[in-house]
Amino acid sequence: MVDIATRVYNHKWKIDPIVRSLIDTDFYKLLMCQSIFRNRPDTVVRFQLINRSTSIRLADLIDEGELREQLDHVRGLRLTRGESTWLRGNTFYGKRQMFRPDFMEFLENLRLPPYHLEKRDGQYELTFEGRWPEVMLWEIPALAILMELRSRAVLETLGRFELQVLYARAMTRLWEKIEVLRTLPDLRIADFGTRRRHSFLWQDWAVQAMIEGLGEGFTGTSNCLIAMRRDIEAIGTNAHELPMVYAALANTDQELRQAPYEVLADWHEEHDGNLRMILPDTYGTDVFLKGAPDWLAGWTGIRIDSGDPAQGAETAIRWWQDRGEDPKKKLVIFSDGLDVQKIVELHHRFHGRVKVSFGWGTLLTNDFRGLVAGDGLAPFSLVCKAVSANGRPTVKLSDNPAKATGPVDEIARYRRVFGVGQQSRMDVVV
């Protein structure tokens, strides 16, 4: 097992680049990329880094030269022969050859497009623009790089023994969480922590701890590289990016209202089983389910990613019941800002009523809260979102208005078109 503290102390980035592979990314990005490659390959999309935790001035913490060095390294990555073989030949969600030959050829020849970087008011303005299937694959590497460079900036002030103690405490904290989780009957939990991890080595350690501590209760990881190396399941379906871009391309209010369902109609043609998961909250869960076509009720389940998670699950249960579906046969994945206490609470409330599953993110792979002076390693809310498509702004409303993104006038328009009423604002931690 890697001695993380010693590796950090003796750090040379060319031995430990922050992103070490094109598949050091979330599985859902590759699934979505294939769908986009098939359905919307020529759409030009712009992505932008957004630091919701504005008190953390990244441009003051992170050296611009180091940031460019890591970004340039990612631009030089190519799919290796072993990675290509794994993607082409492995079984994902019970299906062989999940990725089609034409898409694999595209991926094998891919080089990520250029980036634009500048400093502004203590923050980095980092943007990427290009053809959607190419530029979308910048999102996860960009976030991982910024998160880890911030961690490294804090860690470089610590001595050898301080680092040993720091990681020992973090390991103990995570193992204590695992000991709580292993008491839950029929637990199903996966690692969703790539985008805001402390580091690649730490995420890999956390996954190994989950494998040993939870056994069959640990269902896999969203990180493709770790899934390949540890021979576990790669987990992921789809994300808000798809309806945000489809909606931006709509020409009328009617087309805008139908955009989220058009996304899932395209998805329905490509995938079945546990990949048929509804993510309803891009423009409000209540509104989405109220207007949803009947065929969506037959999908495997739903992912709850904003707002009050218990309320979201109760809404989904009522929706299934109203359409003659048995909620006990449906899968509900909770994935928003989870930690052990919330996981236990939700499991107790919904176990036996639905098939309960959890996507555990930042507080699995980056919980160093209170472990250094000034809490300098506490996780924070950093995202990289599609902000325009073919020159039109994108919008996300969410079930939590604190997560809304887009121009103010466009947010107002979307709220009108989708009929979004009063929403409860909740603090965004991660």
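Whatever comes next refers back to the structure up there.
The structure reproduced in this document is the subject of the present report. (Residues numbered from 1 in each chain as written. Predicted model: local features only at pLDDT ≥ 70, side-chain atom pairs only at ≥ 80, totals over all residues. Heavy atoms only, no water.)

**Regarding the side chain of Thr237**
Condition: Where helices and strands are cited, they refer to DSSP runs of H or I of at least four residues and of E of at least two residues respectively, numbered from the N terminus. For each residue, the accessible area found with a 1.4 Å probe, counting protein chains only, is set against the maximum for its type, and the residue is called buried under 20%, exposed over 50%, and partly exposed in between. It only takes one pair of heavy atoms within 4.5 Å for two residues to be counted as in contact.
Its place among the elements puts Thr237 in the loop between helix H11 (224-230) and helix H12 (241-248). The exposure class assigned to Thr237 is buried, which follows from its relative accessible area of 10%. With residues near it in sequence (within four places) discarded, Thr237 still touches Tyr28, Leu31, Met32, Tyr93, Trp267, Asn274, Leu275 and Met277.

**As for the sheet that holds strand E10 (residues 331-334)**
Just so we agree on the cut-off: Strand pairing is defined by DSSP finding a minimum of two bridges between the two strands. Think of each axis as a best-fit line through the C-alpha atoms, taken over the contacting stretch in the case of a helix, with angles from 0 to 180 degrees between the N-to-C directions.
Strand order in the open sheet made by the six strands is E7-E6-E11-E10-E9-E8, with parallel pairing throughout. Edge strands, defined here as strands with exactly one partner in the open sheet, are strand E7 (218-221) and strand E8 (277-278). In terms of strand pairing, strand E6 (residues 189-191) meets E7 through three bridges, oriented parallel. Pairing of Ala190 across the sheet is with Gly220, part of E7. Against the sheet, helix H16 (residues 340-350) makes contact with E6, E10 and strand E11 (355-360), and its axis sits at roughly 170° relative to E11, the strand it touches most.

**Focus on unusual backbone geometry**
Note: most residues except glycine have negative phi, and most peptide bonds are trans. In this model, Tyr93 sits at a positive phi of 50°, which is unusual for a non-glycine residue. By the element assignment, Tyr93 lies in the loop between strand E2 (91-92) and strand E3 (95-96). In this structure, Ser398 takes a positive phi of about 70° despite not being glycine. A relative accessible area of 0% means that Ser398 is categorised as buried.

**Examining H16**
Within H16 the residues assigned to the buried category are Val340, Ile343, Val344, Leu346, His347 and Phe350. Elements that come into contact with the buried residues of H16 comprise helix H9 (160-181), E6, helix H15 (309-322), E10 and E11. At the exit of H16 stands Gly352, carrying a positive phi of roughly 95°.

**Things to note about the packing of H15 against H16**
Heads up, the condition is: Every angle not falling under 35 degrees, over 145, or within 65 to 115 is termed oblique; those three ranges are roughly parallel, roughly antiparallel and roughly perpendicular. Two helices cross in a left-handed way if the nearer one is turned anticlockwise from the farther one by less than a right angle. They cross in a right-handed way if the turn is clockwise. Asp, Glu, Lys and Arg are counted as charged, while Ala, Val, Leu, Ile, Met, Phe, Trp, Tyr, Cys and Pro are counted as nonpolar; the rest, among them Gly, fall into the polar class.
Contact geometry of H15 with H16 gives a least axis separation of 11 Å together with a crossing angle of 25°. In terms of their interaxial angle, H15 and H16 are classed as roughly parallel. As for how H15 packs across H16, the hand of that crossing is right-handed. Seen from H15, the contacting residues are Pro309, Ala310, Ala313, Glu314 and Ile317; seen from H16, they are Lys342, Leu346, Arg349 and Phe350. Among the residues forming the contact of H15 with H16, the class breakdown is six nonpolar, no polar and three charged.

**Digging into the packing of H9 against helix H10 (residues 200-214)**
Here H9 crosses H10 at 35°, and the two axes come no closer than 10 Å. Remark: the crossing between H9 and H10 carries right-handed chirality. Residue-level contacts link Tyr167, Ala170, Met171, Leu174, Trp175, Ile178 and Leu181 of H9 to Trp202, Trp205, Ala206, Ala209, Met210, Glu212, Gly213 and Leu214 of H10.

**Regarding the pairing of strand E1 (residues 44-51)**
One face of the sheet, then the other: side chains in a regular strand alternate in exactly this way. Every second residue of E1 is oriented toward a common face, the buried set being Val45, Phe47, Leu49 and Asn51 and the non-buried set Val44, Arg46, Gln48 and Ile50. Direction of pairing for E1 relative to strand E5 (residues 123-131): antiparallel, over a ladder of five bridges. From the neighbouring strand, Gln48 faces E5, where its bridge partner is Thr127. With seven bridges connecting them, E1 and strand E12 (residues 382-389) associate as antiparallel partners. Counterpart to Phe47 in the pairing with E12 is Ala386.

**With respect to the sheet that holds E5**
Ordered in space as E4-E5-E1-E12-E13, the five strands form an open sheet in which the pairing is antiparallel. Only two strands of the sheet have a single partner each, and these edge strands are strand E4 (115-120) and strand E13 (392-393). Here E12 pairs with E13 via two bridges, running antiparallel. Residue pairing across strands places Ala389 opposite Arg392, the latter belonging to E13. On top of the sheet, H12 reaches E1, E12 and E13; it is set at about 25° to E12, its chief contact.

**Focus on the pattern of salt bridges**
As a reminder of what qualifies: Throughout this description, the term salt bridge denotes a Lys or Arg side-chain nitrogen within 4 Å of a carboxyl oxygen of Asp or Glu.
Counting across every chain of the model gives 34 salt bridges. As a salt-bridge pair, Glu269 and Arg38 come within 3.5 Å of each other at their nearest N and O atoms. With Glu269 in helix H13 (residues 253-270) and Arg38 in helix H2 (residues 27-39), this residue pair connects regions lying 231 residues apart in the sequence. With relative accessibility at 57%, the residue Glu269 sits in the exposed group. Look at Arg38 and you get partly exposed, because its relative accessible area is 41%. Linked through salt bridges whose partners overlap, the residues forming this network are Arg38, Arg100, Asp102, Glu269 and Glu270.

No statement about biological role is implied by the geometric values presented.
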